[in-house]
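# Coordinate analysis (summary)
Okay, here's what each chain looks like letter by letter:
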Amino acid sequence: MKTQGVVLSLAVADAGRSLAFYRDVVGIEGAKPAMGMVCLEMPGMTIFLAETEAFTKYSREAMRTPLLPVPATDAFLSCAISTVAEVDDILAAVAGSAGKSFAPHEIKHVSGRMQYVGTFADPDGHLWQLVCNLTDVHGNAV
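Parameters at a glance
Residues numbered from 1 in each chain as written. Predicted model: local features only at pLDDT ≥ 70, side-chain atom pairs only at ≥ 80, totals over all residues. Heavy atoms only, no water. Pairing = 2+ DSSP bridges. Helix = DSSP H or I, 4+ residues; strand = E, 2+ residues; numbered from the N terminus. Axes fitted to C-alpha atoms, helices over the stretch in contact; angles between N-to-C directions. Contact = heavy atoms within 4.5 Å. 1 Å grid on protein atoms, 1.4 Å probe; cavity = no way out; pocket = protein on both sides within 12 Å on 5 of 7 lines; lining within 4 Å. Points joined across faces, edges and corners; volume = space filled by probe spheres on them. Nonpolar A, V, L, I, M, F, W, Y, C, P; charged D, E, K, R; others polar.

## Comments concerning the sheet that holds strand β4 (residues 45-51)
Strand order in the open sheet formed by four strands is β1-β4-β3-β2, and the pairing between neighbours is mixed. Pairing within the sheet leaves two strands with one partner each, and these edge strands are β1 (6-12) and β2 (32-34). When the angles between neighbouring strand axes are averaged without regard to direction, this sheet yields 30°. Direction of pairing for β1 relative to β4: parallel, over a ladder of seven bridges. Bridge pairing in β4 links Ser9 to Phe48. Contacts from helix α2 (residues 52-61) reach β1, β3 (37-42) and β4, with the element oriented near 115° to β4.

If you want it as structure tokens, here you go:
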């Protein structure tokens, strides 16, 4: 399969609230309303945040029953972030909003890298994991 991009759709209770959260709190500059949903343009991926009615419509077109009500956590999004400071800044902004942030921590990835990981939930409960590589696979600082 040769894709030209990936689109992920998530159900949200209120598209306006989601737009404000992702644009103003998380700082996704490309967050915009589109076709009655919120569109988040990310490198290599577009995320549509669809209110329950639209999400249900698209799910039924695929002959599936959506996992509702929101919030539901059936997956999480993981993003590479350049610096520890940026991870901390995003978590601090989320902590002062309708979302929820969790204490960041360091882990040793199976690749051998040390990583700084921060997690937050948006107002609908969708989980995001922010990952900053502290070392390369050989243990050298990056």
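## Topic: the layout of surface pockets
Computed from the structure, the largest pocket encloses a volume of approximately 360 Å³. Considering the residues around the largest pocket, the lining is formed by 17 residues, among which Met42, Cys79, Ala80, Ile81 and Trp128 are closest to the centre. Residue assignment for the lining of the largest pocket shows that the elements contributing at least two residues are β4, β5 (76-80), α3 (84-95) and β8 (127-133). When residues in the lining of the largest pocket are grouped by element, the largest group, four residues, is from β5. Partitioning the lining of the largest pocket into residue classes produces 14 nonpolar, two polar and one charged.

In short, shape yes, function no, at least from these values alone.
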